[in-house]
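Here is how the chains run, residue by residue.
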Amino acid sequence: MKTLIYDLEIIRCIPSKVRFSDFDYCEGWRDFQNMGISVAAYGWLDDEDPTVFDWTDDVARSSFIEAINAADIVSGFNSVNFDDHLLAANGVEAKTTYDILFESRLAAYGSFDYQDQPEGHSYALDPICRANGLTKTGSGTLAPQWWQLGEKEKVRRYCQNDVRIEREVLRLALDGALVNPNSGQRLSVRPLAPYQY
């Protein structure tokens, strides 16, 4: 099975308690129409180096869409709730069929829903990385700020590295070696297959 892993970065910042006048903001986490896409990265589960490109690059974007359509399984980290919707708002239909975050939650506490998560627990990518000896190179909160400040190469490297990390987390999970960041136990995820969420 051909498994594609992808990740997106946005142009406009998500509002928080503190807003800086130097940055453009969308209206919140569900305002996919106004977030914009700065960069996308994608790679196959069995390849080493993900492709990264600026969303305005028509040729690269077409190659990405072809890759999504050719994949047997489309994977990402929280892509069911975020990246799939962001793509749809930008005219691209994609449906994640193996969400790494959802599968981690299901293995840990029997539900995809974060509201069922035990109090004080987190299954975000940062704590999963720390528990499994992996290193993120930034954060999704900073990426739109970097982009707006003109630090575009920094955003490209960050997005590409996130796909590398997501691929490694997926490999660990499928090998039964992914450590739960809250308990230190191994997470026993479902086998790699196209699921409907």
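Residues numbered from 1 in each chain as written. Predicted model: local features only at pLDDT ≥ 70, side-chain atom pairs only at ≥ 80, totals over all residues. Heavy atoms only, no water.

## Side note on the nonpolar core
For the record, the criterion: Joining through side-chain atoms within 4.5 Å is the link that ties buried Ala, Val, Leu, Ile, Met, Phe, Trp, Tyr and Cys residues into a set, and such a set is a nonpolar core. Relative accessibility thresholds used throughout: buried, under 20% of the residue-type maximum; exposed, over 50%; partly exposed, between the two (1.4 Å probe, protein chains only). Helix and strand definitions follow DSSP, with helices as H or I runs of at least four residues and strands as E runs of at least two, each counted in order from the N terminus.
Counting residues in each nonpolar core, the largest one holds 31 residues, and the members touching the most others are Tyr98, Val169, Leu170 and Leu178. Elements with a minimum of two residues in this core: strand E2 (37-44), helix H4 (100-109), helix H5 (125-131), helix H6 (142-148) and helix H7 (152-174). The element contributing the most residues to this core is H7, with nine residues. Formed by 25 residues, the second largest nonpolar core is a distinct cluster that contains Met35, Ala40, Phe53 and Val74.

## Structural notes on the packing of aromatic side chains
Heads up, the condition is: Two rings belonging to Phe, Tyr or Trp (six-membered ring only in the last case) form a pair when the distance between their centres is within 6.5 Å. Interplanar angles under 30 degrees mark stacking, angles over 60 mark edge-to-face geometry, and anything in between is tilted.
Applying the stated criterion across every chain yields a total of 14 aromatic pairs. Between Phe112 and Tyr197, the aromatic rings sit 5.2 Å apart at their centres with planes inclined by 80 degrees, giving edge-to-face as the arrangement. Residue Phe112 is located in the loop between H4 and H5, and its partner Tyr197 is located in the segment after H7; the two are separated by 85 residues in the primary sequence. Ring pairs connect the aromatic residues Tyr6, Tyr42, Phe53, Trp55 and Phe64, which therefore count as one cluster.

## Here's the deal with the pairing of strand E3 (residues 51-54)
Quick reminder of the rule: In short, DSSP must find at least two bridges between two strands for them to pair.
Pairing of E2 with E3, which is carried by four bridges, proceeds in the antiparallel orientation. Pairing of Val39 across the sheet is with Asp54, part of E3. Count of turn residues in the E2/E3 antiparallel hairpin: six residues.

## What about the state of the cysteines?
Definition in use: By convention in this document, the label disulfide applies to cysteine sulfur atom pairs within 2.5 Å.
Taken as a whole and assessed by the stated rule, the structure comprises zero disulfides. With no disulfide of its own, Cys129 has Cys159 as its nearest cysteine by sulfur position, at a separation of 14 Å. Classification of Cys129 as buried rests on a relative accessible area of 2%. Residue Cys159 is classed as buried on the basis of its relative accessible area of 0%.

## A few points about the pairing of strand E1 (residues 3-10)
Counting buried positions over the eight residues of E1 gives eight, a clear majority of the element. Residue alternation in E1 divides its side chains into two sets, Thr3, Ile5, Asp7 and Glu9 and Leu4, Tyr6, Leu8 and Ile10, and both sets are buried. Inspection of the sheet shows E1 paired to strand E4 (residues 73-76) by three bridges, in the parallel sense. From the neighbouring strand, Leu4 faces E4, where its bridge partner is Val74. One ladder, built from seven bridges, connects E1 with E2; its direction is antiparallel. Across the sheet, residue Leu8 finds its bridge partner in E2, namely Ala40.

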